[in-house]
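Commentary on secondary and tertiary structure
Chain residues, written in single-letter form:
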Amino acid sequence: MDCWICGDPATTGEHRSKKSDLKAVLGRPTQADPMFLSTDRRRNHTIGSLDANRLKSGARLCASCNNARTQPHDFAWERVSDLVRTTLRRNETTEFLRLSRLVPFETRRTLLHVHLYFVKVFGCHIREADIPIDLAPFAAAILSGRAHAGVHLRFCRRETAGLPASVGMTDIWTAVGPGGRCAFATWFYEIDNLAVNVMFAEEGERREGLVGAWHPRLGTTKLQIFPYDRRGPTA
């Protein structure tokens, strides 16, 4: 299998949920004190290590793309994930976050790297599930360090009172257009009290989920925080 980003031989697996997020929320599992993975196929599968293959995508990447090339994107999301979750916990009613106050230096670059982190994870999901979305623009965005025009993020607050700590992702819902191509796709990346709605939309698509969504081209570091509402593609 070749790396879908650069085409070199693929030898590594990307975590479906970021390793640092799993560690931050669930700690380090061991064989004696495991964490539990649930999917549509199996509930409560024991996981004794954060490096377990079951936590990784079946879409493989080369070591260079999965490490050096996308490391700034991984670090940016690790930082922003922690800052946003902490801020939402302290202020349970806020509807907006000014990231420039949380990340006062190179804020726009940090947010671009967050965007590219989700471009990488989304690309892995597309490859693994064989979704009819062209991966070339995803690869080009990562290789060039520029935003993908069709990938949008929406930040949501999850109500976690009385619920066990969790990290994960939903299924990917798709809307198929003419010729069998996917015109719109949406899924949620969930970590504790935060959910990121990751969306792909072809040019010209008008979807309810895109209202208030963030994209680097908007030029703003102000993030709107929405109530968490799982749903598939909406008109």
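First, a word on what this report is: a plain description of the structure on this page. (Residues numbered from 1 in each chain as written. Predicted model: local features only at pLDDT ≥ 70, side-chain atom pairs only at ≥ 80, totals over all residues. Heavy atoms only, no water.)

Our next topic: the overall build of the protein. Along the protein, the regular secondary structure elements total six helices and 11 strands. The principal-axis extents of the C-alpha atoms in the protein amount to approximately 50 × 45 × 35 Å. Here the protein holds 235 residues, and 49% of them are scored as buried. Of the contacts made within the protein by residues no fewer than 6 positions apart, 70% connect residues no fewer than 24 positions apart. For the protein, the computed accessible surface area is about 12,100 Å², with 47% contributed by carbon and sulfur atoms. Once the 33 positive and 25 negative side-chain charges of the protein are each reduced to a mean point, those two points are 3 Å apart. (Helix = DSSP H or I, 4+ residues; strand = E, 2+ residues; numbered from the N terminus. Buried < 20%, exposed > 50% of the residue type's maximum accessible area, 1.4 Å probe, protein only. Contact = heavy atoms within 4.5 Å. Areas by Shrake-Rupley, 256 points an atom, 1.4 Å probe, with all protein chains shown as cover. Lys, Arg positive; Asp, Glu negative; His and termini not counted. Charge placed at Lys NZ, Arg CZ, Asp CG, Glu CD.)

Closest axis-to-axis distance for the helix α5 (residues 107-129)/helix α6 (residues 136-144) pair is 10 Å, and the angle between their directions is 145°. Crossing of α5 over α6 shows left-handed handedness. Here α5 contributes Leu-116, Val-119, Lys-120, Phe-122, Gly-123 and Ile-126 to the contact with α6, which in turn contributes Phe-138, Ala-141 and Ile-142. Here the contact of α5 with α6 is built from residues that sort into seven nonpolar, one polar and one charged. (Axes fitted to C-alpha atoms, helices over the stretch in contact; angles between N-to-C directions. Left-handed = near helix turned anticlockwise from the far one by under 90°. Nonpolar A, V, L, I, M, F, W, Y, C, P; charged D, E, K, R; others polar.)

Next up on the list: the nonpolar core. In this structure, Trp-4, Trp-77, Phe-118, Phe-138, Phe-155 and Val-196 are the most contacted members of the largest nonpolar core, which totals 56 residues. Here this core gets 10 residues from one element, more than from any other, and that element is α5. When sequence neighbours within four positions are dropped, the list of residues in contact with Val-196 reads Trp-77, Phe-118, Leu-153, Arg-154, Phe-155, Trp-187, Phe-188 and Tyr-189. Membership of the second largest hydrophobic core comes to six residues, among which are Phe-184, Ala-201, Leu-210 and Ala-213. (Core = buried A, V, L, I, M, F, W, Y, C linked by side-chain atoms within 4.5 Å.)

Per the stated rule, a full pass over the model turns up seven salt bridges. Asp-74 is the salt-bridge partner of Lys-120, the closest N and O atoms lying 3.0 Å from each other. Of this pair, Lys-120 sits in helix α5 while Asp-74 is found in helix α3 (residues 71-90), placing the two residues 46 residues apart along the sequence. Asp-74 carries the same exposure label as Lys-120, and that label is buried. One salt bridge in this structure joins Asp-192 and Arg-89, with 2.7 Å as the shortest N-O distance. Of this pair, Asp-192 sits in the loop between β9 (182-191) and β10 (194-201) while Arg-89 is found in helix α3, placing the two residues 103 residues apart along the sequence. (Salt bridge = Lys/Arg side-chain N within 4 Å of Asp/Glu carboxyl O.)

This part takes up the side chain of Asp-74. When its relative accessible area of 12% is taken as the criterion, Asp-74 is described as buried. Engagement of the side chain of Asp-74 in a polar contact is seen with the side chain of Lys-120, the distance being 3.0 Å. Once you skip the residues sitting within four places of it in the chain, Asp-74 turns out to touch Lys-18, Asn-66, Tyr-117 and Lys-120. (Polar contact = N/O pair within 3.5 Å; in protein donor to acceptor, adjacent residues only side chain to side chain.)

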